[in-house]
Amino acid sequence: MRSVRALAAVAVSLLATSNVAALAAEPKKGGILKVYHRDSPASASIHEEATYSVNIPFMPIFNNLVIYKQDVAQNSMDSIVPDLAESWAWSDDRKTLSFKLRQGVKWHDGKPFTAADVKCTFDMLMGKSQQKFRKNPRKSWYNEVVDVTPKGDLEVAFNLNRPQPALLALLASGYTPVYPCHVSPGDMRTKPTGTGPFKFVEFKANESIKIARNPDYWKKGLPHLDGIEYTIITNRSTAILGFISGQFDMTFPTEVSIPLLKDVKTQAPKAVCVVEPVNVSTNIIVNSSSPPFDNLDIRRAMALALDRKAFVSILFEGQADIGGTMLPAPGGLWAMPKEMLETIPGYGPDVKANREEARKLMQKAGYGPEKRLAVKVATRNIAIYRDPAIILIDQLKDIYIDGELEVVETANWFSKVARKDYALGLNLTGNAVDDPDQSFFENYSCGSERNYTNYCNKEIEKLFDEQSAETDIAKRKKLVWEIDKKLQEDVARPIIYHSRMGSCWQPHVKGITIMVNSSYNGYRYEDVWMDR
Amino acid sequence: MFAYIVRRLALMLVTLFGISVIIFVLLRIVPGNIVDILFDAAGFVDQADKANLERELGLDQPIFVQYVKWIGGLLQGDLGYSYVSEKPALQEILPRIPITAKLAALALLFSAAIGIPLGVISAVKQGTRLDYALRVVSLSGLSLPSFWLGLLILMASVAMFGTMPIFNPNPATWTEAFAIYAVPAMAVGFRSAALTMRITRSSMLEILRQDYIRTARAKGASEASVNYHHALKNAVLPVITVIGIEAAFLIGGLIVTETVFNIPGVARFLVEAIRWRDYPIVQNLVMLIALVVVVTNFTVDMLYAAIDPRIRYTD
C-alpha cells in the first residue's frame with residue numbers, strides 16, 4: 001500500500017513538473033535582452049566587415065534568401081531553411097539556382113522588398129554595380145556566379161559558370177543578408193535598414209548598439225523580445241563582472257576564455273555556460289617565396305616540430321581541437337578521419353620521433369646545433385596571437401630554429417602580410433561557413449586576396465573545382481580529405497589548433513543556440529525570449 | 001598686469017599652434033592609417049579599393065594641404081567628419097565632454113578635499129602614529145595604479161553588494177548617479193589626493209617653522225587659527241600649482257578609469273580614435289585638451305596673484 005502511495009506521489013509530482021516545464025517552454029513576450037559587446041565595430045554594414053563583432057548585433061536586422069535553422073547547432077545543407085525565399089530549385093544542369101521570393105515583405109522604412117533588392121545586393125558583392133562598398137571582403141564567394149537575374153518581383157535566378165552546390169551554404173551564412181536597393185552603402189554603414197525581426201535604433205561608437213522589435217515583421221508573432229541592447233565594454237574583466245553581477249543577460253557569444261569561464265561558474269553558478277568550437281584556426285603563415293622557407297625541407301621540419309597537444313593544454317586546458325584545414329569532428333562536417341590525420345607528418349602522436357626527423361631535415365638543409373637558423377616570428381599585438389606565437393618559438397628551438405617574437409600593431413598587420421614582409425608568422429583564420437568552398441578558395445587558391453602565403457598549386461586548384469562541383473556528398477568528402485591532407489603535407493599554412501570558446505547566459509534567457517561549426521551564423525535571435 | 005595678460009594670451013596662441021603642428025605631423029608619422037585599419041579588420045588588402053578610399057578621405061593629398069584644410073575648417077568651426085562613424089566630429093565629441101568634465105572635476109574635488117586636510121593633520125601631528133599612518137596611505141596612493149584600484153573596487157562592489165557602478169546615461173536614482181561618477185572619481189583621484197597630501201604636508205612643515213607662526217602663537221592665537229588661518233594660507237601656493245598640473249595629468253588617469261568603469265567619456269574615446277587613426281577626432285580632441293591645459297595653467301597663474309598679494313605681475 002505504501003509503495004502504491006509512493007508511486008502515486010511520484011506520478012503527481014511528475015505531472016506537476018511536466019506542467020511547469022510546459023509552462024516554462026511557452027515563450028513570453030517582452031523584455032530587453034542586455035548583452036555586453038567586446039568592441040566597437042567599424043561599421044554596421046555586415047557586407048563590408050569580416051568580424052562577428054558586426055554579425056552579432058546587426059544580423060537580427062536582416063533576412064537572407066535562405067538561412068541556417070537558428071535552433072540547430074550544426075550548420076549543414078540539411079539545416080538550411082527558406083527565409084526571404086519561400087523555396088529554391090536547381091536547374092537540371094545544376095548551373096542555375098532559382099528562388100521564389102516571399103510576398104508582402106517590407107523593409108523597415110515601409111518600402112516593399114522585391115527581386116530587384118536581391119539583384120542589387122549581389123551585383124554590389126560581385127563589384128558590378130554603380131554603387132560600391134568601401135570594402136568587399138567576400139567578393140570571392142561569388143566567383144562562380146555569372147549574374148543574378150530577377151524574373152518579375154518575386155523570383156530571382158543565380159546563373160553559375162559551373163555547378164556549385166555550396167553556393168546555397170554561402171547564401172545561408174550570417175554574412176549574406178539582403179540589402180535594400182534604395183539605401184546607400186554609406187547609410188547601411190551608419191543606420192542599416194533591413195527586413196528582419198529587429199529595427200535599428202542607435203549605434204554610438206564605443207558606447208552601445210540598440211535594436212528594437214519590428215512590429216511589422218513578416219513572421220507573425222516574432223520576435224519575442226522588445227529589443228536588444230549591446231553595451232560596448234572593451235575591458236574583459238569589467239564585462240565579466242557585469243555579467244556576474246546580473247547587469248547583463250548574456251556574455252558576448254563565444255568570447256569567454258576557458259580560464260574566465262571558471263570564474264563565471266564559481267561566481268555565478270546558476271549561469272548557463274557552453275564551450276563550443278568557433279571554426280577559427282590558429283595557423284602558421286610561411287613566406288615560401290624567399291629564403292630560408294623557400295626550402296620545402298625546412299618547412300616540413302617546422303611542421304614536424306609542432307607539439308599541438310602542448311598548445312591545446314597550455315592555452316585551452318585541453319579544450320581545443322586538432323585537425324587540418326577543415327574544422328574537426330564532431331562540430332565540423334568535413335574533417336578527415338583521425339587515422340588519416342595521423343598519417344600527415346607532424347600529426348603523429350610521437351613528438352620526440354617527429355622532432356628527430358625534423359632535425360635530420362634541418363641538418364640536410366645545412367643547419368644544426370652549431371649553425372642555428374635565426375628567424376623573426378611576426379604576429380599581431382593581440383593576446384590570442386601573441387600567446388601561441390611564444391609557444392611556437394619555444395618548440396622551434398628543438399630543431400635549431402631560434403625565433404624572435406615580432407609583434408606588429410593591428411593597423412600594420414595585414415599590410416605587412418600582403419607585402420610578404422615576414423618569414424614566419426602566426427595568424428588566425430576564421431571560417432564563416434563550414435564548407436570547403438569557403439575555406440579552400442578563400443585561403444589557398446592562387447591569387448586570392450586572403451591567401452596570405454601566396455601558396456599556389458595548380459593541381460590542387462583543379463581538385464578545388466572538382467570537389468566544389470561534386471553533388472555526391474560522400475564523394476565530395478573523400479576529395480576534401482585528400483585536398484586537406486595535401487595542403488598540410490605541402491606546409492601551405494600549417495594548422496596548429498582549432499579553438500573553442502565559452503558563452504554564458506542567465507537562466508531566464510531561453511532560445512539561445514550556439515552554433516558548433518561557425519561563430520558567424522547564429523544571431524538572428526527572433527526566437528529568443530526571457531522567462532521572467 | 002594688463003600687458004602681462006595680453007602677453008600670456010599671445011603665448012597661448014603660439015603654444016596651441018605648435019601643438020597643432022606636432023599632433024598633426026606625429027599622427028601621420030605613426031605607421032598605418034584608417035584605411036589600413038579598415039582593411040585589416042576585413043582581413044585582406046585590395047590595393048584599388050584602398051586607393052579609392054584614401055582619395056575619398058583626402059589622405060592622398062600632401063600633408064601640408066591636409067593641415068591647411070584642417071586648420072581652415074577649425075577656424076570656421078568645422079571639425080570635419082569622423083572616419084569611423086562618418087558623423088560630424090563635433091557631434092561625436094560634444095556629448096562626451098560633460099561626462100569627462102564631471103569625472104575630472106569630481107576627482108580634483110576629491111583630491112583637494114581629502115589631500116589638503118590630511119596633509120595639514122599630518123604636518124601638525126608630525127612624528128606621531130597618525131602622521132605615519134597618513135604617510136603610508138599617501139605612499140600607497142602614489143604607488144597603486146588606478147586601473148588596479150578601479151578593478152578592485154568593482155570586484156568588491158560585486159562581491160559585497162551584488163552590483164557595480166557601471167555607466168548608465170539615465171540613472172534612475174540620485175544614489176545611482178552618485179555611484180556612477182563618484183566611485184570612478186575616487187579611483188582616479190586617489191593618486192592626486194596622495195600627491196596633494198604630501199605637498200601640503202611638506203609645505204605646511206616649512207611654514208610652521210617660520211617666525212611669524214611663533215609670533216602668532218605667542219600672541220595667544222588658537223592652534224586652529226595658527227594652522228588654518230596663518231599657516232595653510234601661506235602653504236597653499238605650491239598645492240595649487242600641483243593641483244593645476246594634476247588637472248592636466250588627469251586625462252591620462254581618466255583613460256584607464258573610463259575603460260575600467262566603462263564610462264563613455266572623452267579620454268577613452270581619444271584612445272579608441274588613436275587606435276583607429278581617426279585623424280579628425282584625434283586632432284580636434286588633442287587640441288581641446290591642449291586648450292584646457294593651457295587655460296588651466298593661465299588660471300593657476302592668475303590665482304597666485306589673487307591668493308598672495310605679494311605676487312604682482314608687472315608690465
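Just so it is clear, the model here is predicted, and its values are computed rather than measured.

Asker: Mind showing me how you'd approach the overall build of chain A here?
Answerer: Within chain A, the regular secondary structure consists of 16 helices and 17 strands. In terms of C-alpha radius of gyration, chain A reaches 25 Å, essentially the compact-globule figure of 24 Å for 532 residues. The C-alpha extent of chain A, read off along each of the three principal axes, is 75 × 70 × 50 Å. For chain A, buried positions account for 51% of its 532 residues. Within chain A, contacts between residues separated by at least 24 positions form 71% of all contacts whose residues are at least 6 apart in sequence.

Asker: Even after reading the chapter, I still don't get the sheet that holds strand 8 (residues 198-204) of chain A, so can you show me in this structure?
Answerer: Pairing between the strands of a sheet is mediated by backbone hydrogen bonds and can be parallel or antiparallel. Residues and elements named next belong to chain A. The strand order across the open sheet formed by four strands is 1-10-9-8, and the pairing between neighbours is mixed. Where the open sheet ends on each side, the last strands, each with one partner, are strand 1 (32-37) and strand 8. Within this sheet the neighbouring strands show an average axis-to-axis angle of 15°, counted without direction. The pairing of strand 9 (residues 208-213) with strand 10 (residues 227-232) spans five bridges and is classified as antiparallel. Considered in strand 10, the bridge of Ala-212 is made with Gly-227.

Asker: Just checking my understanding: could you explain the pairing of strand 6 (residues 145-150) of chain A for this structure?
Answerer: Within a regular strand, side chains alternate between the sheet's two faces. One ladder, built from five bridges, connects strand 6 of chain A with strand 7 (residues 155-160) of chain A; its direction is antiparallel. Opposite Thr-149 of chain A, over in strand 7 of chain A, you have Ala-157 of chain A as the bridge partner.

Asker: I'm lost on the packing of helix 12 (residues 266-275) of chain B against helix 13 (residues 279-307) of chain B in this one. Help?
Answerer: The packing of two helices is summarised by the inter-axis angle and the distance between the axes. All names here are of chain B. One way to put it is that helix 12 packs onto helix 13 with a least axis distance of 8 Å and a crossing angle of 140°. Classified by the interaxial angle, the pair formed by helix 12 and helix 13 is oblique. Helix 13 is crossed by helix 12, and the crossing has left-handed handedness. Judged by residue contacts, Val-266, Leu-270, Ala-273 and Ile-274 of helix 12 engage Ile-281, Val-282 and Leu-285 from helix 13. The residue inventory of the contact of helix 12 with helix 13, partitioned by class, reads seven nonpolar, no polar and no charged.

Asker: Would you mind going over the interface of chain A and chain B with me for this structure?
Answerer: Many analyses report the size of an interface as the accessible area lost when the parts associate. Taken together, the 35 residues of chain A in the interface contact 34 residues of chain B. Only helix 5 (185-190), helix 6 (236-244) and helix 13 (410-418) of chain A provide two or more residues apiece to the side of chain A that touches chain B. Examining the composition of the side of chain A that touches chain B, we find that seven residues originate from one element, helix 13 of chain A, more than from any other. Class assignment for the residues of the side of chain A that touches chain B results in eleven nonpolar, 16 polar and eight charged.

Asker: Would you mind showing me how to read the sheet that holds strand 12 (residues 373-380) of chain A here?
Answerer: Residues and elements named next belong to chain A. Strand order in the open sheet made by the five strands is 13-12-14-11-15, with mixed pairing throughout. Each having just a single partner strand, strand 13 (401-408) and strand 15 (495-505) make up the two edges of the open sheet. Between one strand axis and the next, the sheet turns through 30° on average, direction left out of account. As paired strands, strand 12 and strand 13 are joined by eight bridges and run parallel to one another. Across the sheet, residue Val-375 finds its bridge partner in strand 13, namely Gly-403.

Asker: Just to check I follow, could you spell out the environment of Val-124 of chain B for this structure?
Answerer: All names here are of chain B. Relative to the elements of secondary structure, Val-124 occurs in helix 6 (residues 97-124). Looking at Val-124, the number of C-beta atoms within 10 Å reads 20, which means it is buried. For the pair Val-124 and Ile-71, spaced 53 residues apart in sequence, the C-alpha to C-alpha distance is 53 Å.

Asker: Is there a simple way to think about the domain arrangement of chain A in this case?
Answerer: Residue and element names in this part refer to chain A. Taken domain by domain, chain A comprises domain 1 (32-231 + 506-530) and domain 2 (278-500). The straight-line distance from the C-alpha centre of domain 1 to that of domain 2 is 32 Å. Tallying the contact residues gives 21 residues for domain 1 and 19 residues for domain 2. Classifying every residue of the side of domain 1 that touches domain 2 by side-chain character gives nine nonpolar, ten polar and two charged.

Asker: What should I look at first to understand unusual backbone geometry in this one?
Answerer: Backbone phi values are negative for most residues with the exception of glycine, while trans is the configuration of most peptide bonds. Residues and elements named next belong to chain A. For the bond from Pro-291 to Pro-292, the omega torsion is 5°, close enough to zero to count as cis. Turning to its location among the elements, Pro-292 is positioned in the loop between strand 11 (272-286) and helix 8 (296-305). Omega for the bond connecting Ala-329 with Pro-330 falls within 30 degrees of zero, at 5°, which places this linkage in the cis form. Within the secondary structure, Pro-330 is located in the loop between helix 9 (308-316) and helix 10 (338-341).

Asker: Which parts of the structure should I look at to understand helix 9 (residues 174-208) of chain B?
Answerer: For an α-helix the count is 3.6 residues per turn, leaving residues at separations of three or four pointing the same way. For helix 9 of chain B, built from 35 residues, the straight-helix expectation of 51 Å at 1.5 Å per residue is missed by more than 12%, its first-to-last C-alpha distance being only 42 Å. Roughly 45° is the biggest bend found in helix 9 of chain B, and it falls at Gly-189 of chain B.

Asker: I would appreciate a short explanation of the packing of helix 11 (residues 223-260) of chain B against helix 12 of chain B in the present structure.
Answerer: Residue and element names in this part refer to chain B. Two numbers describe how helix 11 lies on helix 12: the axes approach to 7 Å, and their chain directions differ by 85°. One way to sum up the angle between helix 11 and helix 12 is to call them roughly perpendicular. Contacts between helix 11 and helix 12 pair Ile-251, Leu-254, Ile-255, Glu-258 and Thr-259 from the former with Ala-267, Arg-268 and Val-271 from the latter.

Asker: When you look at helix 3 (residues 115-125) of chain A in this model, what are you seeing that I'm missing?
Answerer: Residue and element names in this part refer to chain A. Of all eleven residues in helix 3, eight are buried, a share of seventy percent or more. Among the residues making up helix 3, those that are buried are Ala-115, Asp-117, Val-118, Cys-120, Thr-121, Phe-122, Met-124 and Leu-125. Looking at the buried residues of helix 3, the elements they touch are strand 5 (96-101), strand 6 and strand 7.

Asker: Looking at this structure, how should I read the environment of Ile-71 of chain B?
Answerer: All names here are of chain B. Structurally, Ile-71 can be placed in helix 4 (residues 63-75). Judged by local crowding, Ile-71 falls into the partly exposed class, with 16 C-beta atoms found within 10 Å. As for Ile-71 and Ser-20, which are separated by 51 residues in sequence, their C-alpha atoms are 8.5 Å apart.

About the criteria used
- Residues numbered from 1 in each chain as written.
- Chains lettered and ligands numbered in written order.
- Predicted model: local features only at pLDDT ≥ 70, side-chain atom pairs only at ≥ 80, totals over all residues.
- Helix = DSSP H or I, 4+ residues; strand = E, 2+ residues; numbered from the N terminus.
- Rg over C-alpha atoms; globule rule 2.2 N^0.38 Å.
- Buried ≥ 20, exposed ≤ 12 C-beta atoms within 10 Å, placed from the backbone.
- Contact = placed C-beta atoms within 7 Å.
- Pairing = 2+ DSSP bridges.
- Axes fitted to C-alpha atoms, helices over the stretch in contact; angles between N-to-C directions.
- Parallel < 35°, antiparallel > 145°, perpendicular 65-115°, else oblique.
- Left-handed = near helix turned anticlockwise from the far one by under 90°.
- Nonpolar A, V, L, I, M, F, W, Y, C, P; charged D, E, K, R; others polar.
- Domains from an automatic or database assignment.
- Expected span 1.5 Å × (residues − 1).
- Bend = angle between axes of the 7 residues up to and from the residue.

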